[in-house]
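# Tertiary structure, described
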2 protein chains.
Amino acid sequence: MNPVEFIMEKRDKKTHSKEDMHSFFNAYTNDEIPDYQVATWLMAAFLNGLNTDEKICLTEAVINSGDRFNLKHINKPKVDKHSTGGVGDKTSIVLLPLLASLDVCVPMMSGRGLGHTGGTLDKLESIPGITVQLPKEEYIRIMEEHGAVFMAQTTAITPLDKKLYSLRDVTATVESIPLITASIIGKKMTEDLDALILDVKFGNGAFMKTFDAARNLAQSLVDTSKGLGVKTTALITDMNEPLGEYIGNSVEIIESINMLQGQNVESRFYDVTMALAKRMCHSAFPKAEKNWRKILEEKLSNGDAYEKFLKIINAQGVKTETVGNLRDSLPIAEKRVQIKAVQSGFISAIDSYRIGRLMVELKAGRMKITDAIDFGIGLQIFRHIGDEIKADEVIAELIVHSELETDAFARCFTIQDQPVKKTEVIREVIRR
Amino acid sequence: MNPVEFIMEKRDKKTHSKEDMHSFFNAYTNDEIPDYQVATWLMAAFLNGLNTDEKICLTEAVINSGDRFNLKHINKPKVDKHSTGGVGDKTSIVLLPLLASLDVCVPMMSGRGLGHTGGTLDKLESIPGITVQLPKEEYIRIMEEHGAVFMAQTTAITPLDKKLYSLRDVTATVESIPLITASIIGKKMTEDLDALILDVKFGNGAFMKTFDAARNLAQSLVDTSKGLGVKTTALITDMNEPLGEYIGNSVEIIESINMLQGQNVESRFYDVTMALAKRMCHSAFPKAEKNWRKILEEKLSNGDAYEKFLKIINAQGVKTETVGNLRDSLPIAEKRVQIKAVQSGFISAIDSYRIGRLMVELKAGRMKITDAIDFGIGLQIFRHIGDEIKADEVIAELIVHSELETDAFARCFTIQDQPVKKTEVIREVIRR
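How each quantity is defined
Residues numbered from 1 in each chain as written. Chains lettered and ligands numbered in written order. Predicted model: local features only at pLDDT ≥ 70, side-chain atom pairs only at ≥ 80, totals over all residues. Heavy atoms only, no water. Helix = DSSP H or I, 4+ residues; strand = E, 2+ residues; numbered from the N terminus. Rg over C-alpha atoms; globule rule 2.2 N^0.38 Å. Buried < 20%, exposed > 50% of the residue type's maximum accessible area, 1.4 Å probe, protein only. Contact = heavy atoms within 4.5 Å. Areas by Shrake-Rupley, 256 points an atom, 1.4 Å probe, with all protein chains shown as cover. Lys, Arg positive; Asp, Glu negative; His and termini not counted. Charge placed at Lys NZ, Arg CZ, Asp CG, Glu CD. Core = buried A, V, L, I, M, F, W, Y, C linked by side-chain atoms within 4.5 Å. Domains from an automatic or database assignment. Salt bridge = Lys/Arg side-chain N within 4 Å of Asp/Glu carboxyl O. Least-squares fit on C-alpha atoms with pLDDT ≥ 70 in both. Polar contact = N/O pair within 3.5 Å; in protein donor to acceptor, adjacent residues only side chain to side chain. Phe/Tyr/Trp six-rings, centres within 6.5 Å; stacked < 30°, edge-to-face > 60°. Lys NZ or Arg CZ within 6 Å of the ring centre and 35° of its normal. Nonpolar A, V, L, I, M, F, W, Y, C, P; charged D, E, K, R; others polar. Axes fitted to C-alpha atoms, helices over the stretch in contact; angles between N-to-C directions. Parallel < 35°, antiparallel > 145°, perpendicular 65-115°, else oblique. Left-handed = near helix turned anticlockwise from the far one by under 90°. Pairing = 2+ DSSP bridges. pLDDT = per-residue confidence, 0-100. Expected span 1.5 Å × (residues − 1).

## Notes on the overall build of chain A
A count of helical and extended segments in chain A gives 18 helices and 13 strands. For 432 residues, the compact-globule estimate of 2.2 N^0.38 gives 22 Å, and chain A sits close to it at 22 Å. Counting the 432 residues in chain A, one finds 58% classified as buried. Taking the intrachain contacts of chain A between residues at least 6 apart in sequence as the baseline, contacts between residues at least 24 apart amount to 78%. Of the roughly 16900 Å² of accessible surface on chain A, 47% is carried by carbon and sulfur atoms. Mean positive and mean negative side-chain charge positions of chain A (54 and 60 charges, respectively) differ by 3 Å.

## Points about the nonpolar core
I127(B), F309(B), I313(B), M359(B) and L379(B) are the most contacted members of the largest nonpolar core, which has 100 residues in total. Considering every element that reaches this core, the biggest residue donor is helix α12 (residues 267-284) of chain B, with 9 residues. Lining this core are residues from two domains, each supplying at least three of them: domain 2 (79-158 + 174-326) and domain 3 (332-416) of chain B. If we skip the residues at most four places from it in the chain, I313(B) touches I127(B), I130(B), F150(B), V318(B), V323(B) and L326(B). Core analysis: the next-biggest nonpolar cluster, separate from the first, contains 99 residues, M109(A), V318(A), A333(A) and C412(A) among them.

## Topic: the pattern of salt bridges
Under the defined criterion, the tally for this structure stands at 68 salt bridges over all chains. Linking D238(B) and R427(B) is a salt bridge whose minimum nitrogen-to-oxygen distance equals 2.8 Å. Linking D238(B) in strand β5 (residues 231-238) with R427(B) in strand β13 (residues 426-431), this pair joins segments that are 189 residues apart in sequence. Since its relative accessible area comes to 34%, R427(B) is described here as partly exposed. Residues participating in the shared-partner salt-bridge network are K90(A), K123(A), E252(A) and E255(A).

## Overview of the relation of the copies chain B and chain A
Note on the copies: chain B fits chain A at an RMSD of 0.0 Å, the axial shift is 0.0 Å, and the rotation between them is 180°. Here the two chains are linked by the operation of a two-fold rotation axis. Proximity to the rotation axis, assessed at the C-alpha, singles out Y36(B) in chain B; its C-alpha lies 1.9 Å from the axis. Of the interface residues in chain B, 100% have counterparts in chain A that sit at the interface too, so the contact is made through matching surfaces.

## A closer look at the environment of K201(A)
Residue and element names in this part refer to chain A. Mapping K201 onto the fold places it in strand β4 (residues 195-202). Between the alpha carbons of K201 and I312 there is a distance of 28 Å; along the sequence they are 111 residues apart. Residues in contact with K201, not counting those within four places in the same chain, are S83, T84, G85, G86, D89, A206, M208, A214, T237, M239 and L243. Reaching out from K201, the side chain makes a polar contact with the side chain of D199 at a distance of 2.8 Å.

## Describing the side chain of R268(A)
Residues and elements named next belong to chain A. Along the chain, R268 falls in helix α12 (residues 267-284). The class of R268 is buried, set by a relative accessible area of 10%. What R268 contacts, discounting residues up to four positions off in sequence, is D238, E241, L243, T423, E424 and V425.

## Description of the packing of aromatic side chains
Tallied over the entire structure, the rule returns 20 aromatic pairs over all chains. Ring plane angle 80° and centroid distance 6.4 Å describe the contact between F6(A) and F25(A), whose orientation is recorded as edge-to-face. With F6(A) in helix α1 (residues 3-11) and F25(A) in helix α2 (residues 18-29), this pair connects stretches of sequence that are 19 residues apart. One exposure class covers both F6(A) and F25(A), and it is buried. Taken together through their ring pairs, the aromatic side chains of F6(A), F24(A), F25(A) and W41(A) make up a single cluster. It is K90(A) that lies over the ring of F269(A); its NZ or CZ is 5.4 Å from the centre. One cation-aromatic arrangement involves K136(B) over F69(B); the distance from NZ or CZ to the ring centre is 5.7 Å.

## Side note on the interface of chain B and chain A
Across the contact, 21 residues belong to chain B and 21 residues belong to chain A. Close ionic contact of R11(B) with E175(A) constitutes a salt bridge, the shortest N to O distance being 3.2 Å. Our enumeration of links across chain B and chain A arrives at 6 residue pairs in polar contact (both at pLDDT 80 or more). Listed by contribution, the elements that provide at least two residues to the side of chain B that touches chain A are α1 (3-11), α3 (35-48) and α8 (159-169) of chain B. With 10 residues, α3(B) is the largest single contributor of residues to the side of chain B that touches chain A. Looking at the side of chain B that touches chain A residue by residue, the class counts come to 12 nonpolar, 5 polar and 4 charged.

## Some points on the packing of α1(A) against helix α3 (residues 35-48) of chain A
All names here are of chain A. Packing of α1 against α3 leaves a shortest axis separation of 8 Å and a crossing angle of 15°. Relative to α3, the element α1 lies roughly parallel. The hand of the α1/α3 crossing is left-handed. Counting all contacts with α1, which are made through P3, V4, F6, I7, K10 and R11, the residues of α3 involved are Q37, T40, W41, A44, A45 and N48. Among the residues forming the contact of α1 with α3, the class breakdown is 7 nonpolar, 3 polar and 2 charged.

## Section: the sheet that holds strand β10 (residues 388-389) of chain A
Residue and element names in this part refer to chain A. The strand order β10-β8-β12 describes an open sheet built from 3 strands, whose pairing is antiparallel. Whereas interior strands pair on both sides, the edge strands pair on one side only; in this sheet they are β10 and β12 (413-416). Where strand β8 (residues 345-350) meets β10, 2 bridges bridge the pair, whose relative direction is antiparallel. Bridge assignment links G345 to a residue of β10, and that residue is I389.

## Examining the confidence of the model for chain A
A residue-level look at chain A finds 100% of positions with pLDDT of 70 or above and a mean pLDDT of 96. Taken together, the chains of this predicted complex give a pTM of 0.90 and an interface ipTM of 0.88.

## Examining unusual backbone geometry
Although it is not a glycine, A172(A) sits at a positive phi angle of roughly 55°. Considering the arrangement of structural elements, one finds A172(A) in the loop between α8 (159-169) and α9 (177-188). Overall, the relative accessible area of 2% leaves A172(A) in the buried class. Here D31(B), not a glycine, exhibits a phi torsion of approximately 60°, which is positive. Mapping D31(B) onto the fold places it in the loop between α2 (18-29) and α3.

## Digging into the environment of N249(B)
Residues and elements named next belong to chain B. With respect to the secondary-structure elements, N249 resides in the loop between β6 (246-248) and α11 (250-260). According to the relative accessible area criterion, N249 is buried, its value standing at 2%. Distance from N249 to G376, taken between C-alpha atoms, is 6.9 Å for residues 127 residues apart in sequence. Among residues more than four places away in sequence, those in contact with N249 are D122, K123, S126, A364, I373, D374, F375 and I377. A polar contact is formed between the side chain of N249 and the backbone nitrogen of K123, at a distance of 3.4 Å. Reaching out from N249, the side chain makes a polar contact with the backbone oxygen of A364 at a distance of 2.7 Å.

## Describing the side chain of T173(A)
With respect to the helices and strands, T173(A) occurs in the loop between α8 and α9. Looking at T173(A), the relative accessible area reads 0%, which means it is buried. For T173(A), the side chain forms a polar contact with the side chain of T171(A), separated by 2.9 Å. The residues contacting T173(A), other than those within four sequence positions of it, are L42(A), M43(A), F46(A), R168(A), L179(A) and T40(B).

## A word on helix α14 (residues 304-315) of chain A
Residues and elements named next belong to chain A. The end-to-end C-alpha distance of α14 is 16 Å, a good match for the 16 Å that 12 residues give at a rise of 1.5 Å each. Every buried residue of α14 is listed here: A305, Y306, K308, F309, L310, I312 and I313. Just downstream of α14, G317 is the residue with a positive phi angle, here 105°.

See the structure below:
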């Protein structure tokens, strides 16, 4: 494989052979090909695309570039969920213990927040004492004992993806469905999964702005993952308003606890979480013809799911006295500042992206990876798209350390005179 | 100008502003932008193209990246010729003294041979004692005295083009008309020209294989050069057989001397040289309504052009005794090896590319810039496309040091039973 001829092939819209794909990317993993050649290939791939076989090859190169889990000895179906990221999305925190309480192994590697969306690991770290960064053997031990563990991606996992992502970030080649596909599926496939459920979001708070773009990504993810022999289903969900009532870190843990304890939570958050959980059950036990919805509701209402959550975070370093008094152990900022409706009418749009960015400015998230997070900062949203509202009525409340100007937040809620129809949060299910 | 946004712009088929083009490429010239970002932009530009304004901006960046000539004080029209390169092309060696003998200043910067085509500088260096690499002041002094000089490109000229070319070479972005345009015109525009004549070749011995590709390149070169305020004309010429009777270094100098002394030379070489010379005269003296063909013929037959050639090479270091005995001073290999026709019929094709490569194998050219050249090696071709020939008749002769197998050379000449029509060497003239 000659790197210049390889680039030429993609430049000229030809298809790479499996062998060439593997040599090119193995060589890059081993620093034997310079960044400028890979960057040029990335632009050619961005503009001319990759077919499913090429996506599978690139994904395999990502998987094989580093360490991976071997969980064959754990005699349970291994299932994980991946979301493409949205504002207020805390479904992972509920799904992991909920599925583990049903004897599904969930080897969930999550990420940190960056830009306008929060990260599962950051949210979890608002729990005093928790450690999400553990040696691989310890992750496996916790999975053996409790069936699931909240994991951070170690540096030994998919080094090729890290190199490619850093390069894409500085060469305007991030927003490419084939490249996104290899990155997402490559990371997930190191978890030794039997099945994968994807939550592909679209809308103003999502990476994909339109339903069609999300659908294309979902199809690409499902095709590639299935091509690698893993049962895969994707839900396409609406991220045109934040998911759930709370946005922040501690506050999203509280909302997760509420759901895990069987309490009523904001309906779209509940709907998405239950739909994902049901798909995970179907994939984990494909032959069991059960009423999974009912079983899942029981696990929430009878305390099993919450108990499992406490056991797992206890195993991940949270002291027994904190576990016994979890809600009160979470840092919550002292002041509540009201955000009021600017006019009477119906909420027609909520700018989730802008809300996410404003929360980052308040230190609830980070713009660069070295920024510190203030776990106690949060936003509680009382009203959603389609709701009728009066001028000056409280739409939301900021949980902060001191009084502040809320105009920018208020402007994130568009209010119109005509009634607005509420939309379904789950728009489509893709299986191949 | 943010480099990532700049790349994104070309990726998305948008047009760059003049300011952004200049900042991006000035930054690259000063090593302030990494190769991987420029490489990515090159692929985006390769695939999505550049419009005329963008080509002009890139060319300006190339020109302004380094040193350039200022020849305002030389009170003559400054005209140069550029060829896109072919096998056996020695027109520059005749044109420079021929035009200088008509009081046209020719500040001709030439290149070295690489791959299958020879280079004017290499050919000139078969003349014992000649120096083509001189200080800028010395080039100017020779032009002041003799009106023309054979120049090598100094390292101070167009450093941006050198950086871009090195990067294109390893990123499969060489064959892009906009990028080739900026490279060619950028270099030529440092010569402080009033007019430029281009010889854009097509065929099996040229960079552009088809007439249409050559025509597109010619149009792009003319548009860009004229956009920079320089009168420009392009001839599109056929390079489906080597230009002239000889291929090599010393032997091409001999063929040039023959023409400069008014002797009959192979007709296609004569036709191209005279057509280029006539265009150079028209551009140099646009208001003079003269019979330039006749004047040029006189300059060749009366010895003026040859005398000018001797004066210039004398000024460039060739001793007076060598100048007085130039033909015999040139190194010529001792042996002649015949290449015979494999069958009777008509010559329908000559594989110039393959002949060029075979000559490089005999050390008449170089594959890498550090290879040494054997100036005495040559090939003399007696028969051309359309000529009738008998089996075993001598088509060509190699001028070499020892006997060798000629089958590979013989196979470069395709012979068919049916008669073949000779084609015109000059196919089109492009002015805007």
